[in-house]
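In case you want the letters, here they are:
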Amino acid sequence: MIKAVIFDMGGVLLRTEDPTPRTKLAAQYGLSVSALESLVFNSESSIRAERGEISEQEHWAWVCAQLGLPPSAIQDLQTQFWAGDRLDTDLVAFIKSLRPHIKTGLLSNAWTGTRQVVEARYGFLDTFDVVIFSAEVGMRKPDAQIFHHTLKQLQVAPHEAVFVDDLIPNVEGARRVGLHAIHFTHPTSVREAIQALLDRHFQPRS
């Protein structure tokens, strides 16, 4: 029976809906958008920051160095990089509608300080019973340990939980642990997939 639904944040709830700012930023430094995003999200520096081994500030200082910028440029770089991101308020409303019958969790590979920034800017973390940011627990997706940690916090077994993520390796990691996992491609299709699972495997939380 499904007792919990767990969502990724970046690429699912928070998405780059306007690509223009990031496209302009990449062009400014002679990079493709994918190359710029790889520096920010897929570099060894980012992975270390997601594990909490270095701070968000240290990671952005490294990104600045790769672009030939001084650390004093961090704030402007961040502002431009995130300018096209939007919160999917309809998906947040859907998640809220699942409660109180279904437990809700947020599981995100994220750097130090993310909780404070997200809450100040968007204010939606109270949508979830459990919020796990990787840097705070020293583990990151797709490692099995972070899924087990999240399940323990939600007090559910793997087969009692659904996990939603936009990255295939994370979806596969969740499936290896035993969760029902959905690859996010569009908010409408993910809502339909969750609802279909709940219709087949639902048991109200006690």
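For the structure, see preceding data.
First things first, this report covers the structure right here in the doc. These numbers come from a predicted model, not from an experiment.

## Regarding the overall build of the chain
Here is step 1 of the chain: The secondary structure content of the chain amounts to eleven helices and seven strands.
Here is step 2 of the chain: Here the C-alpha atoms of the chain give a radius of gyration of 17 Å, agreeing with the 17 Å that 2.2 N^0.38 yields for 206 residues.
Here is step 3 of the chain: C-alpha atoms of the chain, sized along the principal axes, occupy 55 × 30 × 30 Å.
Here is step 4 of the chain: Within the span of the chain, comprising 206 residues, buried residues form 46% of the whole.
Here is step 5 of the chain: Partitioning the intrachain contacts of the chain with sequence separation of at least 6 by distance along the chain shows that 66% fall at a separation of at least 24.
Here is step 6 of the chain: Total accessible area on the chain stands at roughly 9800 Å², and carbon and sulfur atoms take up 51% of it.
Here is step 7 of the chain: Looking at charge distribution, the chain has the averaged site of its 20 positive side-chain charges lying 4 Å from that of its 24 negative ones.

## Structural notes on helix α10 (residues 168-177)
Here is step 1 of the chain: Turning to α10, its buried residues number three or more, namely Asn 170, Val 171, Gly 173, Ala 174 and Val 177. Down the axis, α10 shows its buried residues gathered within 160° of arc, on one side only.
Here is step 2 of the chain: Its buried side turned inward, α10 meets α9 (144-154), β6 (161-165) and β7 (180-183).
Here is step 3 of the chain: One or two residues past the end of α10 sits Gly 178, with phi positive at roughly 115°.

## A closer look at the environment of Glu 50
Here is step 1 of the chain: Its place among the elements puts Glu 50 in helix α3 (residues 44-50).
Here is step 2 of the chain: In this structure the C-alpha to C-alpha distance between Glu 50 and Trp 82, which are 32 residues apart in sequence, comes to 18 Å.

## Considerations on the packing of aromatic side chains
One pair of aromatic rings is described through two measures. These are the centre distance and the angle between the planes.
Here is step 1 of the chain: The final tally for this structure, using the stated rule, is ten aromatic pairs.
Here is step 2 of the chain: Aromatic side chains Trp 60 and Trp 111 sit 5.9 Å apart centroid to centroid with 90° between the ring planes, which places their arrangement in the edge-to-face category. Taken together, the positions of Trp 60 in helix α4 (residues 56-66) and Trp 111 in the loop between β4 (103-108) and α7 (114-121) put the pair 51 residues apart, joining distant regions of the chain. An identical accessibility class is assigned to Trp 60 and Trp 111; each is buried.

## Description of the pattern of salt bridges
Here is step 1 of the chain: Counted according to the given criterion, the structure contains eleven salt bridges.
Here is step 2 of the chain: Arg 140 serves as the salt-bridge partner of Glu 50, at 2.7 Å between the closest nitrogen and oxygen. With Glu 50 in helix α3 and Arg 140 in the loop between α8 (134-137) and α9, this pair connects stretches of sequence that are 90 residues apart. Here the two residues Glu 50 and Arg 140 agree in accessibility, since each one is buried.
Here is step 3 of the chain: Residues joined by salt bridges that share partners form a network here, namely Asp 8, Lys 141 and Asp 165.

## Overview of the nonpolar core
Here is step 1 of the chain: Counting 30 residues, the largest nonpolar core has Phe 7, Leu 13, Phe 124 and Ile 194 as the members making the most contacts within it.
Here is step 2 of the chain: Counting residues per element, this core draws most heavily on helix α6 (residues 89-98), which supplies five residues.
Here is step 3 of the chain: Once residues lying within four places of it in the same chain are set aside, the contact partners of Ile 194 are Val 5, Phe 7, Phe 94, Val 164 and Ile 182.
Here is step 4 of the chain: Among the nonpolar cores identified, the runner-up in size contains 17 residues, and Ile 6, Leu 107, Leu 154 and Phe 163 belong to it.

Conventions and cut-offs
Residues numbered from 1 in each chain as written. Predicted model: local features only at pLDDT ≥ 70, side-chain atom pairs only at ≥ 80, totals over all residues. Heavy atoms only, no water. Helix = DSSP H or I, 4+ residues; strand = E, 2+ residues; numbered from the N terminus. Rg over C-alpha atoms; globule rule 2.2 N^0.38 Å. Buried < 20%, exposed > 50% of the residue type's maximum accessible area, 1.4 Å probe, protein only. Contact = heavy atoms within 4.5 Å. Areas by Shrake-Rupley, 256 points an atom, 1.4 Å probe, with all protein chains shown as cover. Lys, Arg positive; Asp, Glu negative; His and termini not counted. Charge placed at Lys NZ, Arg CZ, Asp CG, Glu CD. Arc of directions from axis to C-beta. Phe/Tyr/Trp six-rings, centres within 6.5 Å; stacked < 30°, edge-to-face > 60°. Salt bridge = Lys/Arg side-chain N within 4 Å of Asp/Glu carboxyl O. Core = buried A, V, L, I, M, F, W, Y, C linked by side-chain atoms within 4.5 Å.

Remember that the coordinates give geometry; whether it matters functionally is a separate question.
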